[in-house]
Amino acid sequence: MNIPISSSWKKKLQNHLETEKFRDLYTFVNSEYEREIIYPAYNHIFNAFEQTSFEETKVVILGQDPYHKQGQAHGLAFSVAGDAKIPPSLKNILKEVRSDIGESLITSGDLTAWAKQGVLLLNSVLTVKQNSPASHANQGWEDFTDYVIKTLSEEKDHLVFILWGSYAQKKRSIIDTSKHLVLESPHPSPLSSYRGFFGSRPFSKTNSFLRKMEIRTISW
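Residues numbered from 1 in each chain as written. Predicted model: local features only at pLDDT ≥ 70, side-chain atom pairs only at ≥ 80, totals over all residues. Heavy atoms only, no water.

A. Up close: empty space enclosed by the protein. Across all of its chains, the model carries two cavities of 30 Å³ or more by this definition. Taken as a whole, the largest cavity holds about 60 Å³ of empty space. Around the largest cavity sit Leu 62, Gly 63, Leu 122, Asn 123, Ser 124, Thr 145, Asp 146, Ile 149, Tyr 167, Ala 168 and Lys 171, which together line it. Top contributing element to the lining of the largest cavity by residue count: helix 6 (residues 141–155), with three residues. Volume-wise, the second largest cavity comes out at about 50 Å³. Around the second largest cavity, the lining residues are Leu 62, Gly 63, Gln 64, Trp 164, Tyr 167, Ala 168 and His 187. The residue makeup of the lining of the second largest cavity, split by class, is four nonpolar, three polar and no charged. (1 Å grid on protein atoms, 1.4 Å probe; cavity = no way out; pocket = protein on both sides within 12 Å on 5 of 7 lines; lining within 4 Å. Points joined across faces, edges and corners; volume = space filled by probe spheres on them. Helix = DSSP H or I, 4+ residues; strand = E, 2+ residues; numbered from the N terminus. Nonpolar A, V, L, I, M, F, W, Y, C, P; charged D, E, K, R; others polar.)

If you want it as structure tokens, here you go:
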């Protein structure tokens, strides 16, 4: 089975990619793309892994599943493609960047510039049916992305995991907190952002940790 994922990741994830569970997932995903409108575009399913290699990963931001409306999802958690209207949660993320850092490298809703610096923008579920949030949950993507998180946690040192909201925070249990920094806060959604997301300063805290570990910081 030829999975369109970059070679740096394929080597690390091969054991999971060869499981029957993953084969069943990929059969399901392919059938969905044939008969439904699915996001992101097929060639962007693994975009997070294309933009951020295993070796270069130093920060992981966890999302839930892709945006489910046309023209938004492009395979990076929280990010939207090109000139797409910036969704509310992403607006709040960028607002916190500017409050925390004082400025932002990002001028649209496209966070590719973060990904290229080593920020893995990883959704727990990598595909979704149009206008149907969480429609591809519990099909096997969670097993795959948990394997990604565990592999990063076990094989790398001094990563920063940013977990926004209760869904992402469940992943803390598979992260080795003795060698990685885990930053948690409420989700940036307008429903919860004022309960502690604003003012949580994850971007400056990330850079402070990276600097302490003598790792190149992120231009947010």
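Let's pick the thread back up.
B. Layout of the sheet that holds strand 3 (residues 119–123). Strand order in the open sheet formed by four strands is 3-2-5-6, with parallel pairing between adjacent strands. Two strands lie at the open edges of the sheet, namely strand 3 and strand 6 (181–185), each paired on one side alone. Put simply, the sheet's adjacent strands are angled 20° from each other on average, direction ignored. In this structure, strand 2 (residues 59–63) lies alongside strand 3, joined through five bridges in parallel fashion. Paired with Gly 63 across the two strands is Asn 123, which belongs to strand 3. Each of strand 2, strand 3 and strand 5 (160–164) is contacted by helix 6, which is oriented at about 150° to strand 3, the strand it contacts most. (Pairing = 2+ DSSP bridges. Axes fitted to C-alpha atoms, helices over the stretch in contact; angles between N-to-C directions. Contact = heavy atoms within 4.5 Å.)

C. Layout of helix 2 (residues 20–35). Compared with the 22 Å implied by 1.5 Å per residue over 16 residues, the 23 Å span of helix 2 between its first and last C-alpha is a close match. Residues of helix 2 that are buried include every one of Phe 22, Leu 25, Tyr 26, Phe 28, Val 29, Glu 32 and Tyr 33, and no others. Along the axis of helix 2, the buried residues cluster in a sector spanning 160°; they form a single face. Across from the buried face of helix 2, at angles greater than 90 degrees, the exposed residues are Glu 20, Thr 27, Glu 34 and Arg 35. (Expected span 1.5 Å × (residues − 1). Buried < 20%, exposed > 50% of the residue type's maximum accessible area, 1.4 Å probe, protein only. Arc of directions from axis to C-beta.)

D. Molecular detail of unusual backbone geometry. Omega for the bond connecting Tyr 39 with Pro 40 falls within 30 degrees of zero, at -5°, which places this linkage in the cis form. Tracing the backbone through its elements, the reader meets Pro 40 in the loop between strand 1 (38–39) and helix 3 (47–51). At Phe 78, a residue that is not glycine, the phi angle is positive and equals roughly 70°. Residue class for Phe 78 comes out buried when judged on its relative accessible area of 10%. Of note, the phi angle at Arg 201 is positive, near 55°, even though the residue is not glycine. With respect to the helices and strands, the residue Arg 201 is situated in the loop between strand 6 and helix 8 (202–212).

E. Up close: the pairing of strand 5. For strand 5, the tally of buried residues reaches five of five residues, placing the bulk of the element in the interior. Residues Val 160, Ile 162 and Trp 164 point to one face of strand 5 and Phe 161 and Leu 163 to the other, with burial holding for every one of them. Note that strand 2 and strand 5 share four bridges and pair parallel. Note that in strand 5 the partner of Ile 61 across the bridge is Ile 162. Note that strand 5 and strand 6 share five bridges and pair parallel. Pairing of Trp 164 across the sheet is with Ser 185, part of strand 6.

The analysis is restricted to geometry; functional conclusions fall outside its scope.
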